[in-house]
Protein chains: 2
Amino acid sequence: MRNEISQATIERLPLYLRTLGIAETEGTEIISSDEFGRRLGITPEQIRKDLASFGQFGKKGVGYYVTELKNRIAKILGFENSWNVAIVGVGNLGDALAHYKKIPELGFNLVALFDVDKKKIGKEVNGVVVSSAEDLTKVVAERNIHIVILAVPTDDAQDIVDSLEGSTVRGIWNFVPLNIQAPSGIRIVHEDLTVGLGSLSYHISQNYTPAE
Amino acid sequence: MRNEISQATIERLPLYLRTLGIAETEGTEIISSDEFGRRLGITPEQIRKDLASFGQFGKKGVGYYVTELKNRIAKILGFENSWNVAIVGVGNLGDALAHYKKIPELGFNLVALFDVDKKKIGKEVNGVVVSSAEDLTKVVAERNIHIVILAVPTDDAQDIVDSLEGSTVRGIWNFVPLNIQAPSGIRIVHEDLTVGLGSLSYHISQNYTPAE
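Details of the overall build of chain A
And then number 1: Counting its regular elements, chain A contains 9 helices and 9 strands.
And then number 2: Each principal axis of the C-alpha distribution contributes one length, and for chain A these read about 60 × 60 × 35 Å.
And then number 3: Looking at chain A as a whole, 49% of its 212 residues are labelled buried.
And then number 4: Of the contacts made within chain A by residues no fewer than 6 positions apart, 55% connect residues no fewer than 24 positions apart.
And then number 5: Element-wise, carbon and sulfur atoms account for 48% of the exposed surface of chain A, whose accessible area totals about 10,500 Å².
And then number 6: Taking the average place of the 22 positive charges on the side chains of chain A and the average place of its 27 negative ones, the gap between the two points comes to 7 Å.

See below:
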């Protein structure tokens with residue numbers, strides 16, 4: 001059994017992965033924790049500590065082997081599981097997420113889209129045909145969906161999530177700004193963009209005096 | 001002077017604001033920290049501690065006055081400053097952000113959009129005409145832009161940010177998956193959606209055995 005890993009460490013792993021991907025593209029084979037830290041704005045100590053939780057990586061006094069470490073982190077994050085993904089709600093956000101290149105790049109398969117709007121049902125978005133939200137549980141079972149990305153209006157959100165109980169769905173990535181409760185056995189990660197925007201506004205408001 | 005507030009506290013304030021907004025819409029006038037915590041999935045102790053960093057809120061044994069607390073938090077987050085916002089890059093993500101209702105709801109003014117694509121320049125997106133990215137510094141000055149939302153391809157990102165040095169821009173909300181460096185005097189908040197998706201994949205991968 002692996003030791004308990006902190007949520008903060010888990011959330012840094014995708015950033016490590018991204019930096020290693022860029023370094024690999026540049027042809028870098030070995031990266032020191034100093035250089036790694038400089039690129040990320042994270043201390044080398046924090047990086048060494050995070051990676052040590054998962055076992056022995058890198059070579060003392062040399063650095064980390066970029067491709068090896070990248071593959072190991074992708075594996076730790078479960079990206080080798082080829083998760084099947086559906087987006088529920090094809091409004092502006094759902095549409096942007098359907099085109100979000102990181103989803104296929106990280107090994108996820110976007111296999112279904114759902115909407116209630118008859119004008120959207122049957123249309124293709126980035127190569128995937130939009131299904132009727134009425135057929136959600138049927139299509140989820142047929143296509144063995146593991147992850148649902150929730151991008152619907154707030155009113156419908158909890159009912160949709162409840163209907164996934166006992167299905168093949170193991171995780172929900174929730175963009176609906178509500179504290180949606182997931183059924184037992186389904187993990188939920190809440191994505192709330194007002195957190196980033198609010199944090200930015202807070203910081204730039206310090207010592208700010210509006211012009212007359 | 002206010003005491004130093006932790007980043008974690010700042011990032012919970014938008015969630016508090018959201019919950020208070022919903023409670024207000026429902027007609028709730030007073031909310032206890034227990035009920036507040038239940039709605040958010042955060043302990044009442046954490047909520048009381050966070051809010052105490054900003055001064056005296058609520059009434060012991062009664063709860064928080066919903067509208068008053070909501071207005072106070074919006075003020076702490078600087079939402080009363082009516083920040084002027086521009087989105088640079090009107091691809092799928094930029095387009096979705098141009099339609100993101102929370103931007104006007106929280107008091108931000110979306111006053112400019114920029115793109116390099118001649119087919120997009122001059123078109124309206126959600127009531128705002130797309131300007132040429134060549135005119136960025138000119139339009140930023142004319143419209144007194146405070147916040148730039150960066151949603152461009154990775155190659156262009158650092159050059160765009162560098163060109164904002166010495167302008168009216170005080171903050172950048174960065175959706176480009178790079179560790180962009182902001183010029184002095186400009187605050188940057190990085191938004192990386194792979195963090196949420198990676199965290200979800202990590203958690204659902206624990207004890208997962210793919211079907212044969």
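With respect to the relation of the copies chain A and chain B
And then number 1: Overlaying chain A with chain B gives an RMSD of 0.0 Å, the required rotation being 180° about an axis along which the chain moves by 0.0 Å. Taken together, the rotation and translation describe the operation of a two-fold axis. Scanning chain A for the C-alpha nearest the rotation axis identifies A96 of chain A, at a separation of 3.1 Å.
And then number 2: Looking at chain A, 100% of its interface residues are interface residues in chain B too, so the copies touch through the same face.

Observations concerning the pairing of strand β3 (residues 84-88) of chain A
All names here are of chain A.
And then number 1: Counting buried positions along β3 yields 5 of 5 residues, so the element is predominantly enclosed.
And then number 2: Along β3, one buried face is formed by N84, A86 and V88 and the opposite face, lined by V85 and I87, is buried too.
And then number 3: Bridge count for β3 against strand β7 (residues 147-150) is 4 bridges, and the pairing is parallel. Opposite A86, over in β7, you have V148 as the bridge partner.

Quick notes on the sheet that holds strand β9 (residues 187-190) of chain A
And then number 1: As summarised here, the arrangement of the 7 strands in space is β5-β6-β4-β3-β7-β8-β9 (chain A), forming an open sheet in which the pairing is mixed. Looking at which strands have only one partner, the edges of the open sheet turn out to be β5 (124-125) and β9 of chain A.
And then number 2: Here 4 bridges tie strand β8 (residues 171-174) of chain A to β9 of chain A, and the two strands are oriented parallel to one another. Each bridged residue has a counterpart across the sheet, and for G171 of chain A the counterpart in β9 of chain A is R187 of chain A.
And then number 3: Along the sheet, helix α9 (residues 193-205) of chain B contacts β7, β8 and β9 of chain A; its crossing angle with β8 of chain A, the most-contacted strand, is approximately 165°.

Some details on the side chain of S205 of chain A
And then number 1: With respect to the helices and strands, S205 of chain A occurs in helix α9 (residues 193-205).
And then number 2: There is a polar contact of 3.1 Å between the side chain of S205 of chain A and the side chain of N81 of chain B.
And then number 3: When sequence neighbours within four positions are dropped, the list of residues in contact with S205 of chain A reads L77, G78, N81 and W83 of chain B.

Points about a negative patch on the surface
Residues and elements named next belong to chain A.
And then number 1: Together, D155, D156, D159, D162 and E165 make up a region of like negative charge exposed at the surface.
And then number 2: Examined against the element boundaries, D155 turns out to sit in helix α8 (residues 154-162).
And then number 3: Of the residues examined, D155 reaches a relative accessible area of 71% and is grouped as exposed.

Things to note about the pattern of salt bridges
And then number 1: Evaluation of the coordinates by the stated rule reveals 18 salt bridges over all chains.
And then number 2: The salt bridge involving E26 of chain B is made with R39 of chain B; its shortest N-O contact spans 2.9 Å. Residue E26 of chain B is found in the loop between α1 (7-25) and β1 (30-31), and its partner R39 of chain B is found in helix α2 (residues 33-40); the two are separated by 13 residues along the sequence.
And then number 3: On the basis of relative accessible area, E26 of chain B is assigned to the exposed category, the value being 52%.
And then number 4: E35 of chain B is paired through a salt bridge with R38 of chain B; the nearest N and O atoms lie 3.1 Å apart. Taken together, the residues span about one helical turn, with E35 of chain B and R38 of chain B both in helix α2 at a distance of 3 residues.
And then number 5: One continuous salt-bridge network, built from bridges that share partners, spans E26, E35, R38 and R39 of chain A.

Regarding the interface of chain A and chain B
And then number 1: Residue-level contacts link 61 residues of chain A with 61 residues of chain B.
And then number 2: When chain A packs against chain B, close to 5,500 Å² is buried across both sides, 66% of that on carbon and sulfur atoms.
And then number 3: In this structure, the connection of chain A to chain B is made through 2 salt bridges.
And then number 4: One salt bridge in this structure joins D192 of chain B and R18 of chain A, with 2.4 Å as the shortest N-O distance.
And then number 5: Our count for the contact surface shared by chain A and chain B stands at 24 residue pairs in polar contact (both at pLDDT 80 or more).
And then number 6: For the side of chain A that touches chain B, the secondary structure elements donating two or more residues are α1 (7-25), α2 (33-40), α5 (92-98), α6 (102-105), β8, β9 and α9 of chain A.
And then number 7: Sort the elements by how many residues they give to the side of chain A that touches chain B and α9 of chain A lands first, with 13 residues.
And then number 8: Looking at the side of chain A that touches chain B residue by residue, the class counts come to 33 nonpolar, 17 polar and 11 charged.

Cut-offs applied
- Residues numbered from 1 in each chain as written.
- Chains lettered and ligands numbered in written order.
- Predicted model: local features only at pLDDT ≥ 70, side-chain atom pairs only at ≥ 80, totals over all residues.
- Heavy atoms only, no water.
- Helix = DSSP H or I, 4+ residues; strand = E, 2+ residues; numbered from the N terminus.
- Buried < 20%, exposed > 50% of the residue type's maximum accessible area, 1.4 Å probe, protein only.
- Contact = heavy atoms within 4.5 Å.
- Areas by Shrake-Rupley, 256 points an atom, 1.4 Å probe, with all protein chains shown as cover.
- Lys, Arg positive; Asp, Glu negative; His and termini not counted.
- Charge placed at Lys NZ, Arg CZ, Asp CG, Glu CD.
- Least-squares fit on C-alpha atoms with pLDDT ≥ 70 in both.
- Pairing = 2+ DSSP bridges.
- Axes fitted to C-alpha atoms, helices over the stretch in contact; angles between N-to-C directions.
- Polar contact = N/O pair within 3.5 Å; in protein donor to acceptor, adjacent residues only side chain to side chain.
- Patch = residues over 30% accessible without salt bridge, like charges linked within 9 Å, V, L, I, M, F, W, Y side chains within 5 Å.
- Salt bridge = Lys/Arg side-chain N within 4 Å of Asp/Glu carboxyl O.
- Buried area = accessible area lost by both parts, 1.4 Å probe.
- Nonpolar A, V, L, I, M, F, W, Y, C, P; charged D, E, K, R; others polar.

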